[in-house]
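# Coordinates in review
Chain by chain, the residues:
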Amino acid sequence: MKKGLFIAMCMAGSLFARESQTCLNLMKMTQSPIIDGIIDPVWSQVDSVSDFIQQYPYYGAEPSCKTVARVLTTDDALYSLIVCYDDRDHIQTINGKLDNISGDVVGLMLDTFGNQSTAYQFAVSASGVRSDCRLLDDARNSDYTWDGIWFADARVYSWGYVVEMEIPYKSIQYDDQLLYWGLDFNRWIAGNREDLYWCSYEESEGQRISKFGQLVFNGFRPTVRGMQLEIYPVGITKAEYQDDRTYQVSPNIGLDILYNPSPKLAFQFTANPEFAQIEADPFAFNISRYETYFSERRPFFTEGNEIFMAAGRQQNMGFYRPVEFFYSRRIGKKLPDGSEVPIWAGAKTFGRIREWEYGGFLAVTGEKEYTMDGSTHREEKALFSSVRLKRQIMGNSSVGILYVGKHTAIGDNGLIDIDGAFRGSNWQLAYQLARSYRGNRGDFAGSAGFTMISESAIVGIRGNFFGDQFDVDDVGFVPRKGTACFSGLAGPRWYFNDGYISAILFYAGPYFNYEKVDAFTDYGGFVGFNMQFRNNWGYEVNCELVRSKDQDIVFDYYSANLSSWFNVNPRWHANLYGGYCKTYNFARDYLAFYSWWNGYIGWQIASALQVGSSISTFVEGNPEGEIEEVTYNTRPFISATPVNNLNVRVYVDNVFMHFTGKLEQIVGGILFSYNFSPKSWIYFAINEVKDRVADRLQVQNRAAVFKLKYLYYM
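The present account deals with the structure reproduced in this document. Counting starts from 1 at the beginning of each chain's written sequence and moves along it residue by residue. Where local features are concerned, this predicted model is filtered to residues with pLDDT of at least 70; where side-chain atom pairs are given and counted, the filter is 80 or more; whole-chain, interface and lining totals use all residues. Hydrogens and waters are ignored; side-chain quantities use all the structure's heavy atoms.

### A closer look at the overall build of the protein
Selection rule: Only DSSP runs of H or I reaching four residues or more are called helices, and only runs of E reaching two or more are called strands; each is numbered from the N terminus. Computation of the radius of gyration draws on C-alpha atoms alone. For the globule rule, the value is 2.2 Å times the number of residues to the power 0.38. Throughout, exposure labels follow a simple rule: accessible area from a 1.4 Å probe, protein chains only, divided by the maximum for the residue type, with under 20% read as buried, over 50% as exposed, and the rest as partly exposed. Residue contacts follow a heavy-atom distance rule, with two residues in contact if any of their heavy atoms lie within 4.5 Å. Note on areas: Shrake-Rupley, 1.4 Å probe, and residue coverage restricted to the protein chains presented here. For the purpose of counting charges, residues Lys and Arg are taken to be positive, whereas Asp and Glu are taken to be negative. His and the chain ends are not included. Just so you know, the charge point we use is NZ for Lys, CZ for Arg, CG for Asp and CD for Glu.
A count of helices and strands for the protein gives two helices and 41 strands. For the protein, whose C-alpha radius of gyration is 27 Å, the value lies close to the compact-globule estimate of 27 Å for 714 residues. Its C-alpha atoms give the protein principal-axis dimensions of about 80 × 60 × 55 Å. Scored against the burial criterion, the 714 residues of the protein give a buried share of 50%. When contacts within the protein are restricted to residue pairs at least 6 apart in sequence, those whose partners lie at least 24 apart make up 58%. For the protein, the accessible surface area stands at approximately 31600 Å², while carbon and sulfur atoms represent 56% of it. Positive and negative charge centroids in the protein, built from 66 and 81 side chains respectively, lie 3 Å apart.

### Some thoughts on the side chain of Asn687
The cut-off we apply is this: Counted as a polar contact is a pair of N or O atoms within 3.5 Å, where, for protein atoms, one must be capable of donating a hydrogen and the other of accepting one, and residues adjacent in sequence contribute only when both atoms are in side chains.
Inspection of the secondary structure puts Asn687 in strand S39 (residues 680-693). The class for Asn687 is buried, based on a relative accessible area of 15%. A polar side-chain atom of Asn687 sits 3.2 Å from a polar atom in the side chain of Tyr651.

### So, the pairing of strand S28 (residues 483-495)
Condition: At least two bridges found by DSSP between two strands are what make those strands a pair.
Pairing of strand S27 (residues 457-466) with S28, which is carried by 10 bridges, proceeds in the antiparallel orientation. For Ala457, the partnering residue across the bridge sits in S28 and is Pro492. For S28 and strand S29 (residues 501-515), the ladder comprises nine bridges, and the chain directions are antiparallel. Bridge pairing in S29 places Thr483 opposite Glu515. Two successive antiparallel strands, S28 and S29, enclose a turn made up of five residues, where Gly499 displays a positive phi of approximately 100 degrees.

### Some remarks on a nonpolar patch on the surface
Heads up, the condition is: Patch membership requires more than 30% relative accessible area and the absence of a salt bridge. Residues of like charge join within 9 Å; the nonpolar side chains Val, Leu, Ile, Met, Phe, Trp and Tyr join within 5 Å. By convention in these notes, a salt bridge is any Lys or Arg side-chain nitrogen within 4 Å of a carboxyl oxygen on Asp or Glu.
A contiguous nonpolar patch, built from Ile638, Val650, Ile670, Phe676, Phe684, Ile686, Phe706, Leu708, Tyr710 and Tyr712 and spanning about 840 Å² of accessible area, is present on the exposed surface. Breaking the nonpolar patch down by element, the ones donating at least two residues are strand S38 (662-677), S39 and strand S40 (696-709). By relative accessible area, which is 34% here, Phe684 ends up partly exposed.

### Describing the environment of Gly414
Note on placement: Gly414 falls in strand S24 (residues 411-423). On the basis of relative accessible area, Gly414 is assigned to the buried category, the value being 0%. C-alpha of Gly414 to C-alpha of Val472: the two residues are 58 residues apart in sequence and 5.8 Å apart in space. For Gly414, the contacting residues outside a window of four places in its chain are Val404, Gly405, Arg435, Ser436, Tyr437, Val472 and Val475.

### Structural notes on the pattern of salt bridges
Overall, the coordinates contain 28 salt bridges when judged by the stated rule. Of the charged contacts, one joins Lys211 and Glu205 as a salt bridge, the two residues approaching to 3.0 Å between their closest N and O atoms. As far as burial versus exposure is concerned, Lys211 and Glu205 are alike and both buried. One salt bridge connects Asp473 with Lys481, and the closest N-O pair in it is separated by 2.8 Å. For Asp473, a relative accessible area of 34% gives the class partly exposed. What emerges from the salt-bridge pattern is a single network uniting Arg289, Glu515, Asp518 and Asp550.

### What to know about the packing of aromatic side chains
Quick note on the threshold: Only Phe, Tyr and Trp rings are paired, with Trp represented by its six-membered ring, and only when their centres lie within 6.5 Å; those with planes under 30 degrees apart are stacked, over 60 edge-to-face, the remainder tilted. Either the NZ atom of lysine or the CZ atom of arginine qualifies as a charge over a ring when it sits within 6 Å of the ring centre and within 35 degrees of the ring normal.
All chains considered together, the criterion is met by 45 aromatic pairs. Ring geometry for Phe676 versus Tyr710: centroids 6.0 Å apart, planes at 10 degrees, classification stacked. Of this pair, Phe676 sits in strand S38 while Tyr710 sits in the loop between S40 and strand S41 (712-713); the two residues are 34 residues apart in sequence, bridging distant segments of the chain. Look at Tyr710 and you get partly exposed, because its relative accessible area is 35%. Members of the aromatic cluster, connected to one another through ring pairs, are Tyr500, Phe529, Phe533, Trp537, Tyr539 and Phe566. Between the NZ or CZ atom of Arg134 and the centre of the ring of Tyr120, over which it lies, the distance is 4.6 Å. A cation sits over an aromatic face here: Arg435 above Phe444, 4.8 Å from the ring centre.

### Some points on the environment of Ile615
Take Ile615: it is sitting in strand S35 (residues 609-621). Look past the residues within four positions of Ile615 in its chain and what remains in contact with it is Trp597, Asn598, Gly599, Asn633 and Thr634.

### Quick notes on the nonpolar core
Put simply, the test is: Take the buried Ala, Val, Leu, Ile, Met, Phe, Trp, Tyr and Cys residues and link them wherever side-chain atoms come within 4.5 Å; each set so joined is a nonpolar core.
With 48 residues, the main nonpolar core has Leu110, Phe122, Met165 and Phe185 as its most contacted residues. Apart from residues no more than four positions distant in its own chain, Leu110 is found in contact with Leu78, Ala119, Tyr120, Phe122, Ile167, Trp181, Gly182, Leu183, Phe212 and Leu215. Judged by nonpolar contacts, the second largest core, of 26 residues, contains Phe350, Ala363, Leu402 and Val478.

### Concerning the environment of Asp111
Within the element layout of this structure, Asp111 appears in strand S6 (residues 105-111). Its relative accessible area of 0% is what places Asp111 among the buried residues. A sequence separation of 398 residues divides Asp111 from Gly509, and the C-alpha atoms of the two residues are 38 Å apart. Here the side chain of Asp111 touches Gly114 through a polar contact of 3.0 Å, landing on its backbone nitrogen.

### Details of unusual backbone geometry
A cis geometry characterises the amide bond from Tyr56 onward to Pro57, with omega recorded as 5 degrees. Relative to the helices and strands, Pro57 resides in the loop between strand S3 (53-56) and strand S4 (67-73). Phi angles above zero are rare outside glycine, and Asp138 is one such case at about 60 degrees. Mapped onto the elements of the fold, Asp138 is located in the loop between strand S8 (130-136) and strand S9 (141-143).

### Here we look at the state of the cysteines
Put plainly, a disulfide is one covalent bond tying together the sulfur atoms of two cysteines. Formally: When two cysteine sulfur atoms lie within 2.5 Å, the pair is treated as a disulfide.
One pass over the structure, following the stated rule, counts zero disulfides. The closest cysteine sulfur to the non-disulfide-bonded Cys199 is located on Cys23, 9.6 Å from its own sulfur. Note on Cys581: no disulfide assigned, nearest cysteine sulfur contributed by Cys543 at a separation of 12 Å. Of the residues examined, Cys581 reaches a relative accessible area of 3% and is grouped as buried.

### Section: the pairing of strand S19 (residues 356-365)
Here 10 bridges tie strand S18 (residues 343-353) to S19, and the two strands are oriented antiparallel to one another. Across the sheet, the residue bridging to Gly346 is Ala363, located in S19. A loop of two residues connects S18 with S19, the two strands running antiparallel in sequence, and Arg354 in this loop sits at a positive phi of about 55 degrees. Bridge analysis of S19 against strand S22 (residues 382-393) gives 10 bridges, and the strand direction is antiparallel. Bridging from a neighbouring strand, Tyr358 pairs with Leu389 of S22.

Here it is in structure tokens:
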């Protein structure tokens, strides 16, 4: 393509139109480079970019080290070369496994649908560790459950390091009618805590897909080749400890299939899946009247699940969080006696046609008997289903509809939800409205939230309501039935271009919460202060005072909270948060003070060895103002990664009661995992749970699992 025509294309109005545009010409080559971290001659024939700028710690400043990025294509794959100049002794190289990346890192981001809202991100460390994800909602969120088939290597030299990537077109989805894709590169220099991007973003908002540059196709458009069929035979052998001190060994097989019949459609199927958790859920201390939430970890439910999520999640500002109407942990759930409902099979499909996204989900669970309070109960076999349709409107805003349901022989439970979000680069207004059903009964629920972070101010408003007959207990996570809540915050924000302090934030706002069970509206307010430092640590303090009512007692609820984070050294990081409050303790059924302190520290001793631990303390008071009990929970671990993608992790989770002076629970585990080929794994895990029964700890569960998963890719 002639230079004049190329410049004209970059300046023309497009799906990526903005005030200033950044372009890179993509050239097709007949010879593909070898992915080995050595710069082949073919790279000298293609365009390059080197005008990176700092996003952090000195916004808009020149980088401390030069970076050069190039991209080329063949008929089958997209290739990228990123050359990072730096002194060898300054480069941080740390071994890791897939999506567990640290040290010096570079990344490539591609908006392959031109929608300014979603993108692929491919990252590689200086030691060759790979990480991939899907950027969502104009990069406000990331989905690290996406696992692509792509290849990369890195090599360190005396003057810096080189990263090469190969991304087969058949491993990603895209719109084959576009003349260009959205594009950005980034680089993280660990020694300086320096974050660089090729494209320019506002300091207050961070990266935005809507402000990506353009990867312009030069007489070439990618086409899909091959069947795009992934088949994963899974072999499992599980040994479980029995009450008579014997082991029941149960070999089993499963099958996972992923099929992309077109670049705009994906189909996923699993048969007889084994979801034995590698690590037990972390210990949760709960004195409220509401159920504890646990995150989903099972791959079948997490991969591609963003289509079923309501709009409005934001990683950089968690003030508003949409309601989780599709809570997949209800499927194959744990029963009161510790057993799990078996999952026979599951299938889902998701894809995109122009401005439309769609998804469908089915899972079949089997019948299961369990024991509770000395009597036998039965969980009926069930069919879970969900359908999602979402449309992109007004740039990167969206509107969608969601259905989720559970069908059994004794009845149905589910909901229909309408949700969406209106977005600007630094603000978002999200909303949800849902109607539940259980047999002939049903009720309404809804939520909404507005957030904005600008150069000089922050604003947040959120509210929700749940009818007392809004029952989605079999499919969603909505414990607060019969409630309505509203809160808001606003305050000034200061950013400093240089100096030790990078930003200061002050905020305050009102709080109202109605609970039908108490027939009372709690009311009050809160105030907070946040300070961030340029060497990557900071803290936040806030206080709250609310007139409240619980269990027919009207009282002044108050709290003081602190959170802090420390990432000043690439070899270790830590955080500490906690607080003190006067509240109603539903676990002990009285009004008293309550305090909690939680922390975490991780230390990279060497490139192949990491140690760390979480530490939690929960202090319960009594009505006389004395300490009733102190509960301690620690979860130390050792993680060894002798080579990339091979990891051995040992952890222990224990619960200790101060006044009894006894351990109440010990959970231990060993995990060996080896990602020996793309999407192919060997797992070996040993887990043991001991709970206190009478005067001693007794084994409640002991299991060993060996799992082999191998990808056939066509």
